[in-house]
Amino acid sequence: MPRRAAITLTSSHGYGPSWLHLVREPVENLRQLGRRAVLALLGIAVGCMAVVALLNIGHNAEREAMNVFKGMGSDLLVANVQIPGSGRSEALPNVATLDTAALRQAIPDITAAAPLILTSSDARLKGHALSTTILGSNADLPGVLDLQLAQGRFLSQFDTHSTHAVLGANVAAAWENAGIHAQPGDRIQIGGYLFQVIGILQPAGQNPLLPAPPDDAILLPLEGMRRIIPSPQITSVLARNPNGATLVQTSPALQQWVEGRMPGYEVNVQIPRLLLEGMAKQSRLFSWLLAGLGSIALLVGGIGVMNVMVMNVAERRREIGVRMALGARPRDIARLFLLEAVVLAATGALAGAAVGLIMAWAFVHYSGWSAFSFSAAALPLGIGSAIATGLFFGLSPAMAAARLTPVQALRDA
Amino acid sequence: MQRVHDTDLIRLENITHAYATGASSQAVLYDVSFSVPTGQSCAIVGASGSGKSTLLNLIGLLDEPTSGRVLLAGEDMTNADAESRAIARNRIIGFVFQSFNLLPRLDALDNVALPLLYRGIPQPQARQAALTQLERVGLSNRSHHRPADMSGGQRQRVAIARALVGEPSLLLADEPTGNLDSQTAQDIIGLLLSLNRERGTTLVVVTHDTGIADRMARCIQVRDGRIEEAGHA
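Residues numbered from 1 in each chain as written. Chains lettered and ligands numbered in written order. Predicted model: local features only at pLDDT ≥ 70, side-chain atom pairs only at ≥ 80, totals over all residues. Heavy atoms only, no water.

You'll find chain B entered in an unreviewed UniProt entry as ABC transporter ATP-binding protein, with Thauera propionica given as the organism. UniProt's Sequence similarities (unreviewed entry) comment on chain B is quoted here verbatim: "Belongs to the ABC transporter superfamily. Macrolide exporter (TC 3.A.1.122) family." (UniProt positions renumbered as here; feature names shortened; annotations may be inferred.)

Under an unreviewed UniProt entry, the name given to chain A is ABC transporter permease, and the organism recorded is Allochromatium humboldtianum. In UniProt, chain A has this text filed under Sequence similarities (unreviewed entry): "Belongs to the ABC-4 integral membrane protein family."

Quick look at the structure:
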């Protein structure tokens, strides 16, 4: 009797378990592995949770830091004027005015410039006194700092010698809280003078590079500062260069110009944009550092997976032999154990990612930061690296299982 | 690929097998040659350690001989790789082990269906075929029991159903009744022989029980790594 079957005896066409079966079997095996699987899963989950949570927290921290500094214009230059060393202050004459038109002429890239004179004083409106910052500047200040008016108008070049004042948003709000409504036309008393309110600013936000936030100040014309302090002194010059390409080059020119007008003083120019970029870079670095920390947790979880898989292969050696006897090829055995490792890691990764997101949200929420912002990279990165870890650490036990010969596997231990 | 004796399902030529033990190696089979024609029932007997299980492992493609040729269904499997050997085991051989070797996690039905799943048959069809085989061994009412919930005889019958599900041309049984009481053992051997008779499945049984050996058509005696035909009808 000739046997036709012999022709196709070892043909592998269509051989091997279906993908459905390939996936279903590891899930079932792990379910029955019980607590040990849960422990390995926990390791991966903690790792993935750390990656997802830390990346999200880092991302939100970065956003929060950027929010604080958002008020700093991206095309601003801040020249700070300081008295060099000590003991020489008497020798230096006070400088209370600067010709900003000349500055714009000297450095054409600068479109607006505003010197600042700063002091603090009590201001009295309708009998209610408020301790506040008095900021002397010129008509260019709104252009330099993007200040918007809520009411009235800003100081103009024709106001230089008048007793006019503009209120910062917080100053007006402070009086409002005390039950006094401030509006243009009101008269406030600062020092021995009465000033007429001509405008109230909208909130402008924080800018740590400014000597004082305009929100918290009453703004007077630069020349009028002499009415409040006997010897006013310019402490900073703000300038705006909307041409981003020459922003950095303008900095030494500005420094030179200010030094020329204020001989003997120490001038240094800061560029908020560079500072902002540096900070963004730093917080990104911080984020990656945190992610690296998470990766270490993930690595430890991966070793847990390897441990379970090595034990798994050792305990099921006989099963491997039986499967081989029934027709499992080495690759079927490798797939079985590799998929178990991957299913283990994937389950852990999903659980960890969910917990990580909740943790990051809770952290952001209880830190009192602004609304939680979801880091898009965190989920694929966290889950992906967790599954890759499972795959990597599951590979060696799976290959070891596949390399067994049927007799080795079936032999009694 | 040379096909010499198409009527011989199993053909061993000058098989020598040795196990490496440390630096030296210990030979268990010396220059063994024999063939089993299709449809024959054959017992391999011998004392423990005589090499009879090794002989069965070589026939079953579970092990490779140190030298010599193994031909199954006319195909030379001596130099086949692990993958081809696995496929050949699945397509032409059904194994029945002394310790049943059912997978404890699977119920009777899925244990029996397993060889078909490796063959690429979808699970519903595989389970249907498995149920048919469980009916044949009289265990259709136990299909959803785990091995742990069954008696030794029942487990061995599940194992036989698993060996049969792929419609193999060769049944290899290694001490199939070694863990069973004598009455159950007689039933199991009766079942194996009826399969041999009714379906022409070639049957090779390793046993040290002469009562079982006597019920086979042929008996090969292994003694100290060599074989001799024990002449009985």
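Read on, since the account is not over.
*Asks:* So what about the UniProt feature "domain: ABC3 transporter permease C-terminal" (unreviewed entry) in chain A? Which residues, and what values?
*Replies:* The UniProt record marks residues 294-406 of chain A with the feature "domain: ABC3 transporter permease C-terminal" (unreviewed entry), using the residue numbering of this structure. Counted over residues 294-406 of chain A, helix gives 84% and strand 0%. Its end C-alpha atoms are 41 Å apart. (Helix = DSSP H or I, 4+ residues; strand = E, 2+ residues; numbered from the N terminus.)

*Asks:* Describe the layout of surface pockets, listing the residues and the values that go with them.
*Replies:* The space that makes up the second largest pocket amounts to roughly 360 Å³. Of all the secondary-structure elements, those providing two or more residues to the lining of the second largest pocket are α10 (378-403) and α11 (406-410) of chain A together with β1 (8-21) and α2 (82-92) of chain B. With four residues, the single largest contributor to the lining of the second largest pocket is α2(B). Residues of the lining of the second largest pocket, tallied by class, amount to 13 nonpolar, three polar and six charged. (1 Å grid on protein atoms, 1.4 Å probe; cavity = no way out; pocket = protein on both sides within 12 Å on 5 of 7 lines; lining within 4 Å. Points joined across faces, edges and corners; volume = space filled by probe spheres on them. Nonpolar A, V, L, I, M, F, W, Y, C, P; charged D, E, K, R; others polar.)

*Asks:* Give me the lowdown on the interface of chain B and chain A, citing residues and values where you can.
*Replies:* Each side of the interface is counted separately: chain B has 39 residues, and chain A has 37 residues. Summed over both sides, the interface between chain B and chain A buries roughly 3,600 Å², with carbon and sulfur atoms accounting for 57% of that surface. If you look at where chain B meets chain A, you find three salt bridges. Its salt-bridge partner being E319(A), residue R105(B) comes within 2.6 Å of it at the nearest N-O pair. Counting every contact that joins chain B to chain A gives 14 residue pairs in polar contact (both at pLDDT 80 or more). Elements that contribute at least two residues to the side of chain B that touches chain A include exactly β1, α2 and α3 (108-118) of chain B. If one sorts the elements of the side of chain B that touches chain A by residue count, α2(B) sits on top with ten residues. (Contact = heavy atoms within 4.5 Å. Buried area = accessible area lost by both parts, 1.4 Å probe. Salt bridge = Lys/Arg side-chain N within 4 Å of Asp/Glu carboxyl O. Polar contact = N/O pair within 3.5 Å; in protein donor to acceptor, adjacent residues only side chain to side chain.)

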